[in-house]
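What follows is the residue order along each chain.
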Amino acid sequence: MEPMTFVLFGATGDLAKRKIYPALFNLFLDRKLPSSFSLIGLGRREWSDESFRANVEQSIREFSRRQSNDPSLMKQFVEAFRYHVLDIGRQEDYLDLKHLIEQCEEELHLPQNRLFYLSVGPEHFQPIAMNIQQSGLGSVNGWKRLVIEKPFGHDLQSARALNEKLSQAFTENEIFRIDHYLGKPMVQKLEALQQNNLVIQGIWNNRYIANVQITANETVGVEERAGYYDHVGALRDMFQNHMLQLLMMTAIQLPRESGFDEVRVKKKRVMKALEPLQKQNVTASVIRGQYTAGSMKGQPVAGYVDEPGIMAGTMNDTFIAAKLQIDDYYWRGVPFYIRTGKRLKEKSTRIVIEFKEQFISSPSEKHGRIEPNLLVIEMSPNESITLQLNSKDLSGEGEVKPVHIDIHPAGEELPEAYENLIRDALAGDSTFFAHWDEVELAWAWAQPILEAFEENLVPLRLYEAGTYGPPESDELLSQDGYHWWFDAKEQQTTEGEEKQYAYHKNINTVASLPTKSF
Ligand SMILES: NC(=O)C1=CN([C@@H]2O[C@H](COP(=O)(O)OP(=O)(O)OC[C@H]3O[C@@H](n4cnc5c(N)ncnc54)[C@H](OP(=O)(O)O)[C@@H]3O)[C@@H](O)[C@H]2O)C=CC1
Ligand SMILES: O=C1O[C@H](COP(=O)(O)O)[C@@H](O)[C@H](O)[C@H]1O
């Protein structure tokens with residue numbers, strides 16, 4: 001990896017503390033940082049280099065998945081960190097920053113490779129990019145990159161305006177838009193699974209797949225983010241970005257060794273083939289929900305409208321479920337069901353691919369109902385990829401039962417999303433970042449829903465906190481003859497609820513792939 005300078009705007013903030021420093025530290029432990037590396041942290045707080053380093057160390061102790069018993073390693077890690085006071089709005093501060101960066105580059109013999117990471121609120125994205133350009137900070141002999149956090153715009157129009165401004169200072173190839181769902185290890189493994197297995201490629205289409213279900217259920221409520229969340233809702237916070245990115249990553253057809261350009265082209269193709277919704281018809285395929293008071297793990301919790309900081313009479317969505325159709329050769333006729341929401345029964349993030357049922361002329365009395373084959377990519381609470389097949393149970397009555405093949409068994413320690421993303425940004429690999437075309441197409445697709453919500457054309461379905469969301473989200477599937485798949489563990493905790501919809505992970509035989517080679 002090339003030597004470089006990492007310029008971090010928002011170095012005193014929450015994201016830096018929770019995610020960026022721990023990710024950099026883990027990359028350092030794994031020797032995945034460039035051999036010559038300098039980080040300059042920026043903020044308005046009057047910190048010294050020493051207090052900055054102490055804060056970085058503290059955040060690693062608090063939030064890193066790994067610690068080191070060797071204090072010299074931590075010392076070596078933070079040696080690369082410097083702090084500089086900068087007010088984003090003050091042009092003269094950028095000239096001082098330029099001077100500091102040049103000085104560090106000279107001292108450490110670093111080429112002019114500069115990565116600008118914007119870990120600040122979205123209102124600062126544009127002024128920072130402009131000031132980088134105007135101060136000459138972006139005029140380098142090496143390369144420059146801009147890593148930018150979400151949200152990228154508030155709607156189609158504002159996203160376009162922001163992109164236009166950023167494009168004046170950085171080319172598209174220099175912009176790395178973070179969508180942390182793309183950094184999740186299981187999403188990256190899904191891509192590799194499709195790309196490298198002819199057997200998966202062969203069945204990755206409407207001939208074999210009945211439907212696809214993408215779920216991101218959260219147990220948390222609005223937390224301390226009322227000011228932000230009440231203006232965005234589940235649609236902008238999760239659906240337009242993370243959920244549509246998961247849809248793209250599931251639906252792309254990738255040949256072996258596809259580079260980032262190919263991935264982008266294919267993702268764009270998926271978005272272009274997504275059947276558009278009309279504002280007047282959104283209700284037919286989109287469910288909008290909001291939580292009311294309920295109980296989570298036996299403890300009472302407030303309804304959304306009673307959370308601190310939420311506007312009286314708000315109609316904001318804390319839940320959204322939708323049925324989407326991709327009108328292309330591969331996916332025509334396969335519904336993609338997506339749901340995400342807050343204050344739901346379980347934290348579960350997963351993609352379930354349900355395969356078509358076998359054509360059987362009459363059900364066999366002996367074998368009863370045969371479960372469909374499923375491929376389950378679980379990102380939370382565990383990280384696993386499981387294939388559900390049917391096999392004969394010779395230990396019992398010889399009945400056919402689902403068995404599970406762990407393609408990626410849960411339990412293996414994996415890098416966090418931010419580690420993967422920061423490593424890729426350092427290396428200049430933009431495969432798992434959101435390209436502008438995808439972001440624009442995602443906003444364009446979501447725009448009629450945004451408008452329909454704003455004009456209250458879609459009924460707001462209330463659901464009790466601690467449930468699986470409004471029952472209408474189940475109807476979205478049942479009208480097509482399907483149902484949401486749950487992990488058996490979740491279902492078992494629900495007294496009196498039917499278990500027939502659970503995939504029986506952890507109940508029947510769980511087969512692991514042998515580690516020996518054939
Ligand atoms: N926190 C999280 O878990 C996540 C955050 N994000 C995104 O990351 C970004 C940062 O969020 P977060 O860290 O939570 O925000 P914080 O409010 O915790 O931090 C904001 C940072 O911006 C700096 N800042 C604010 N105004 C100025 C200014 N005028 N000049 C210079 N620096 C300024 C602050 O420094 P100082 O106060 O010293 O001036 C601080 O370091 C946002 O875009 C957010 O949407 C995305 C996913 C998760
Ligand atoms: O981007 C966001 O994601 C989190 C959920 O992320 P996860 O990795 O825990 O699934 C969500 O809570 C937050 O509201 C949203 O801004």
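These numbers were taken from a predicted model, which means no experiment stands behind them.

In this model helix α6 (residues 156–169) runs 21 Å from its N-terminal to its C-terminal C-alpha over 14 residues, within 8% of the 20 Å that 1.5 Å per residue would give. Turning to α6, its buried residues are L156, A159, L162, N163, L166 and A169. Angularly, the buried residues of α6 cover 135° about the axis, an arc narrow enough to put them on a single face. In α6, those exposed residues whose orientation departs by more than 90 degrees from the buried face are Q157 and E164. Tucked inside the fold, the buried residues of α6 contact α5 (125–135), β5 (144–148), β6 (175–177) and α13 (436–454).

Turning to the UniProt feature "domain: Glucose-6-phosphate dehydrogenase NAD-binding" (unreviewed entry) in the protein, a few remarks are in order. In the numbering adopted here, UniProt assigns the feature "domain: Glucose-6-phosphate dehydrogenase NAD-binding" (unreviewed entry) to residues 7–188. Helix makes up 47% of residues 7–188 and strand 15%, whereas the separation of the span's terminal C-alpha atoms amounts to 27 Å.

On to the UniProt feature "binding site: substrate" (unreviewed entry) in the protein. The feature "binding site: substrate" (unreviewed entry), as annotated in UniProt, sits at H180, K184, E218, D237, K342 and K347 in this numbering. When you line up the elements, E218 lands in the loop between β7 (209–217) and α9 (226–251). On the basis of relative accessibility, which here comes to 13%, the residue E218 falls in the buried class. Among residues more than four places away in sequence, those in contact with E218 are M238, G341, K342, R343, L344, E346 and K347. Within polar-contact distance, the side chain of E218 engages the side chain of K342 at 2.9 Å. Relative to the assigned elements, D237 resides in helix α9. By relative accessible area, D237 is classed as buried at 2%. Filtering out sequence-adjacent residues up to four positions away, D237 remains in contact with K150, R225, Y228, Y229, V232, H242 and K342. Only 2.6 Å separates the side chain of D237 from the side chain of Y228, close enough to count as a polar contact.

Below, the discussion takes up the packing of helix α2 (residues 49–63) against helix α3 (residues 71–78). Between two packed helices, both the angle of their axes relative to each other and the distance between the axes serve to describe the pair. Taken N-terminus to C-terminus, the directions of α2 and α3 make an angle of 130°; their axes are 10 Å apart at the nearest point. The orientation of α2 with respect to α3, classified from their angle, is oblique. The crossing of α2 and α3 is right-handed. Judged by residue contacts, R53, V56, E57 and I60 of α2 engage M74, F77 and V78 from α3. Here the residues of the contact of α2 with α3 are counted per class, giving five nonpolar, no polar and two charged.

Before going further, it helps to examine the site of ligand 2. Every residue near ligand 2 is listed here: K150, H180, Y181, K184, E218, R225, D237, M238, H242, K342 and K347. A distance of 2.7 Å is found between an oxygen atom of ligand 2 and a side-chain nitrogen or oxygen belonging to K184. Starting from 400 Å² of accessible surface for ligand 2 in isolation, the protein chains cover 80%.

Turning our eyes to something else, we now look at the nonpolar core. The biggest cluster of nonpolar side chains holds 145 residues, and the ones touching the most others in it are F6, F9 and F77. The greatest single-element share of this core, amounting to 14 residues, is contributed by α9. Apart from the residues within four sequence positions on either side, F6 is in contact with I20, L24, F37, S38, L39, I40, L115, Y117, I422 and L426.

A few words on empty space enclosed by the protein. Evaluated as defined, the whole model comprises three cavities of 30 Å³ or more. When its volume is computed, the largest cavity comes out at roughly 40 Å³. Every residue along the wall of the largest cavity is listed here: R18, K19, P22, A23, N26, F63, R65, E416, Y418 and E419. The set of elements that each furnish at least two residues to the lining of the largest cavity consists of α1 (14–29) and α12 (417–427). Sorting elements by how many residues they give to the lining of the largest cavity places α1 first, with five residues. Split by residue class, the lining of the largest cavity holds four nonpolar, one polar and five charged.

As enumerated under the stated definition, the model contains 27 salt bridges in all. In this structure, the salt-bridge partner of D30 is R66, at a minimum N-O distance of 2.9 Å. Taken together, the residues span a long stretch of sequence, with D30 in the loop between α1 and β2 (37–43) and R66 in the loop between α2 and α3 at a distance of 36 residues. Among the ionic pairs, R90 bridges to E92, the shortest N-O distance being 3.6 Å. What emerges from the salt-bridge pattern is a single network uniting R65, E413 and E419.

This part covers the environment of Y228. Structurally, Y228 is set in helix α9. With 81 residues separating them along the chain, Y228 and G309 place their C-alpha atoms 9.9 Å apart.

Attention shifts here to the site of ligand 1. Taken together, the neighbourhood of ligand 1 is formed by 19 residues, with T12, D14, L15, R44 and V120 sitting nearest. Interatomic distance of 2.8 Å between a backbone N/O atom of L15 and an oxygen atom of ligand 1. Computed on the free molecule, ligand 1 has an accessible area of 880 Å², of which 73% lies beneath the protein chains in the complex. Looking at the shell around ligand 1 residue by residue, the class counts come to six nonpolar, seven polar and six charged.

Our focus in this paragraph is the packing of aromatic side chains. The description of two aromatic rings rests on the distance between their centres and on the angle between their planes. Evaluation of the coordinates by the stated rule reveals 26 aromatic pairs. Centre to centre, the rings of F25 and F28 are 6.3 Å apart; their planes meet at 25°, and the pair counts as stacked. Of this pair, F25 and F28 both sit in helix α1, three residues apart, which is roughly one turn of that helix. Neither F25 nor F28 differs from the other in exposure class; each is buried. Ring centres of Y329 and Y330 lie 5.2 Å apart, and the angle between their planes is 80°; this geometry places the pair in the edge-to-face category.

Assignment of secondary structure puts E307 in the loop between β10 (299–301) and β11 (319–325). Within the buried core, E307 has no salt-bridge partner, and the shortest N-O distance to an opposite charge, that of R343, equals 4.4 Å. Side-chain polar atoms of E307 contact the side chain of Y291, separated by 2.5 Å.

Scoring rules and cut-offs
- Residues numbered from 1 in each chain as written.
- Chains lettered and ligands numbered in written order.
- Predicted model: local features only at pLDDT ≥ 70, side-chain atom pairs only at ≥ 80, totals over all residues.
- Heavy atoms only, no water.
- Helix = DSSP H or I, 4+ residues; strand = E, 2+ residues; numbered from the N terminus.
- Expected span 1.5 Å × (residues − 1).
- Buried < 20%, exposed > 50% of the residue type's maximum accessible area, 1.4 Å probe, protein only.
- Arc of directions from axis to C-beta.
- Contact = heavy atoms within 4.5 Å.
- UniProt positions renumbered as here; feature names shortened; annotations may be inferred.
- Polar contact = N/O pair within 3.5 Å; in protein donor to acceptor, adjacent residues only side chain to side chain.
- Axes fitted to C-alpha atoms, helices over the stretch in contact; angles between N-to-C directions.
- Parallel < 35°, antiparallel > 145°, perpendicular 65-115°, else oblique.
- Left-handed = near helix turned anticlockwise from the far one by under 90°.
- Nonpolar A, V, L, I, M, F, W, Y, C, P; charged D, E, K, R; others polar.
- Near = heavy atom within 4 Å.
- Areas by Shrake-Rupley, 256 points an atom, 1.4 Å probe, with all protein chains shown as cover.
- Core = buried A, V, L, I, M, F, W, Y, C linked by side-chain atoms within 4.5 Å.
- 1 Å grid on protein atoms, 1.4 Å probe; cavity = no way out; pocket = protein on both sides within 12 Å on 5 of 7 lines; lining within 4 Å.
- Points joined across faces, edges and corners; volume = space filled by probe spheres on them.
- Salt bridge = Lys/Arg side-chain N within 4 Å of Asp/Glu carboxyl O.
- Phe/Tyr/Trp six-rings, centres within 6.5 Å; stacked < 30°, edge-to-face > 60°.
- Lys, Arg positive; Asp, Glu negative; His and termini not counted.

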